[in-house]
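# Summary of the model geometry
Chain by chain, the residues run as shown.
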Amino acid sequence: MKAVLIPKALELQLIDIEKPQLKEASDVLVKVKRVGICGSDMHIYHGTNPLATYPRIVGHEVTGEVVEVGSEVSNVKVGDHIVVEPIRSCGTCYACRNGRPNVCDKLSVFGVHEDGGMREFIVLPENQLHVVDANLDCDEAVLAEPYTIGAQAVWRGGVSKGDTVLIQGCGPIGICILKMAKINGATVMMTDLSPERLEFAKENGADFVIDAGNENVIERVQQITNGEGANVVIDAVCLPFTFELGVEVASVAGTVVVLGFDEKPSAIKQLPITKKELTIVGSRLQTKQFEKVVALLNEGKLRHDGLITHRFSINDVHEAFSFVENNPDKVRKAVIIFE
Ligand code: MN
């Protein structure tokens, strides 16, 4: 069967490997249908993901169909359409004991620390699979994982009905956060430098968009919120200065959600944090967000609405990666089709 291997940074191979087999009684064999290309896959390809190891079969945004189940599998059956929950945790460390397996001490992410889903068949334990409606379009289901990232950020920010939320950045993750924040009943402001991306955010429900290259973000937020500031700031730009801006523009008793991997320090003042009694939280991967996201997908409340812009056959995976790399302005989300 075909698989997409990154043997080392800046090399991509379409290889032929043996089809995997069930090993444990809880294992499930899945025929892969669609895999999304994520920014983090591009980082693995470039050698700029500090967490990844090589050689690696990438891909963690996966939807497919169950073709075989182990003897003790009870929650999925042959023919079910599924999406993959790409995290495996130890169950005993402090994070796991406190319901936060996404930051497990021994965390293993499918397609990052272990081989992932960019191959024709995968075997995973049933607890890493979630069944979606069989009539749900694969192009909708394949976005389940990115939506869970948005759902996690919104959950970490405590976004609730009536809150004003500032999302910095209208890339794919910013849009996923937007969709989840709107479902929670928030008023959403979004920033970006690209007029096209700001327009797309508007089409997807953003109440206000701010052109960060031409407008003063803090002034605009103060104006929109009648001087209150944003109750929740979620930073999907992830630069040192956007974190600084988030702390400045947050309202009293507000929350700032950080998603970045940057190791460069931000110059954060203590005064606004204490004076406004801010809550500053990190958001990584997701915890228990798949059930919620799958229900919303099944109900038709989450639709990609143009978020997927490009589709490539597995045979054209080289073209897919180079296209995504060279056309960041054109590609929102690209997916690989296996069929
Ligand atoms: Mn992803």
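Our structure is the block above this text.
Residues numbered from 1 in each chain as written. Predicted model: local features only at pLDDT ≥ 70, side-chain atom pairs only at ≥ 80, totals over all residues. Heavy atoms only, no water.

Applying the stated criterion across every chain yields a total of 14 salt bridges. The salt bridge partner of K182 is D207, with a shortest N-O separation of 2.7 Å. Note that K182 is positioned in helix α5 (residues 172-183) and D207 in the loop between α6 (195-203) and β13 (208-211), a separation of 25 residues in sequence. Overall, D207 belongs to the partly exposed group, its relative accessible area being 33%. Between K269 and E248 there is a salt bridge, with the nearest N and O atoms lying 3.2 Å from each other. Separated by 21 residues along the polypeptide, K269 in the loop between β15 (250-258) and α9 (270-275) and E248 in helix α8 (residues 240-249) bring together distant segments of the chain. (Salt bridge = Lys/Arg side-chain N within 4 Å of Asp/Glu carboxyl O. Helix = DSSP H or I, 4+ residues; strand = E, 2+ residues; numbered from the N terminus. Buried < 20%, exposed > 50% of the residue type's maximum accessible area, 1.4 Å probe, protein only.)

A separate point is the packing of aromatic side chains. Tallied over the entire structure, the rule returns 2 aromatic pairs. Consider the rings of F312 and F323, whose centres lie 6.1 Å apart with planes at 50°: the pair is tilted. Of this pair, F312 sits in strand β17 (residues 308-313) while F323 sits in helix α11 (residues 317-326); the two residues are 11 residues apart in sequence, bridging distant segments of the chain. Using a relative accessible area of 8% as the deciding quantity, one classes F312 as buried. Taking NZ or CZ as reference, K31 lies 5.8 Å from the ring centre of F121, over its face. (Phe/Tyr/Trp six-rings, centres within 6.5 Å; stacked < 30°, edge-to-face > 60°. Lys NZ or Arg CZ within 6 Å of the ring centre and 35° of its normal.)

What follows deals with a nonpolar patch on the surface. On the surface, a cluster of nonpolar side chains totalling about 260 Å² of accessible area is made up of V237, L239 and F241. Note on placement: L239 falls in the loop between β14 (230-235) and α8. (Patch = residues over 30% accessible without salt bridge, like charges linked within 9 Å, V, L, I, M, F, W, Y side chains within 5 Å. Areas by Shrake-Rupley, 256 points an atom, 1.4 Å probe, with all protein chains shown as cover.)

What follows concerns the side chain of D41. By secondary structure assignment, the location of D41 is in helix α1 (residues 39-46). An unpaired buried charge is present at D41: no salt bridge exists, and K333, the closest side chain of opposite charge, is 6.6 Å distant. Among residues more than four places away in sequence, those in contact with D41 are I6, G36, V58, G59, H60, M118 and F321. (Lys, Arg positive; Asp, Glu negative; His and termini not counted. Contact = heavy atoms within 4.5 Å.)

A separate point is the sheet that holds strand β1 (residues 2-6). Pairing in this open sheet of 3 strands is antiparallel, and the strands run β2-β1-β4 from one edge to the other. The open sheet is flanked by β2 (13-16) and β4 (56-57), the only strands paired with a single partner. Bridge count between β1 and β2: 4 bridges; the pairing is antiparallel. Residue pairing in the sheet places L5 in a bridge with Q13 of β2. (Pairing = 2+ DSSP bridges.)

A separate point is empty space enclosed by the protein. Inspection of every chain in the model, using the stated rule, returns 1 cavity of 30 Å³ or more. Estimates place the volume of the largest cavity at around 40 Å³. Around the largest cavity, the lining residues are T63, G64, H81, V132, D133, L136, D137, C138 and A141. Within the residue set of the lining of the largest cavity, elements represented by two or more residues are β5 (61-69) and α3 (138-141). Taken together, the residues of the lining of the largest cavity sort by class into 4 nonpolar, 3 polar and 2 charged. (1 Å grid on protein atoms, 1.4 Å probe; cavity = no way out; pocket = protein on both sides within 12 Å on 5 of 7 lines; lining within 4 Å. Points joined across faces, edges and corners; volume = space filled by probe spheres on them. Nonpolar A, V, L, I, M, F, W, Y, C, P; charged D, E, K, R; others polar.)

What follows deals with the coordination of the manganese ion. Metal coordination angles in their ideal form are 109.5 degrees for the four-donor tetrahedron and 90 or 180 degrees for the six-donor octahedron. Taken together, C38 (SG), H60 (NE2) and E61 (OE) make up the full set of protein donors to the manganese ion, lying 2.1 to 2.6 Å away. Between consecutive donors of the manganese ion, the numbers of intervening residues give the motif C-x21-H-E. In terms of burial, H60 and E61 fall into one category: buried. (Donors = N, O, S within 2.8 Å, 3.2 Å for Na, K, Ca; no water.)

Here we come to the environment of A141. Considering the arrangement of structural elements, one finds A141 in helix α3. Distance in space between the C-alpha atoms of A141 and I183 is 18 Å, their sequence separation being 42 residues. Leave out the neighbours within four places in its chain, and A141 touches T63, V83, V132, L136 and L297.

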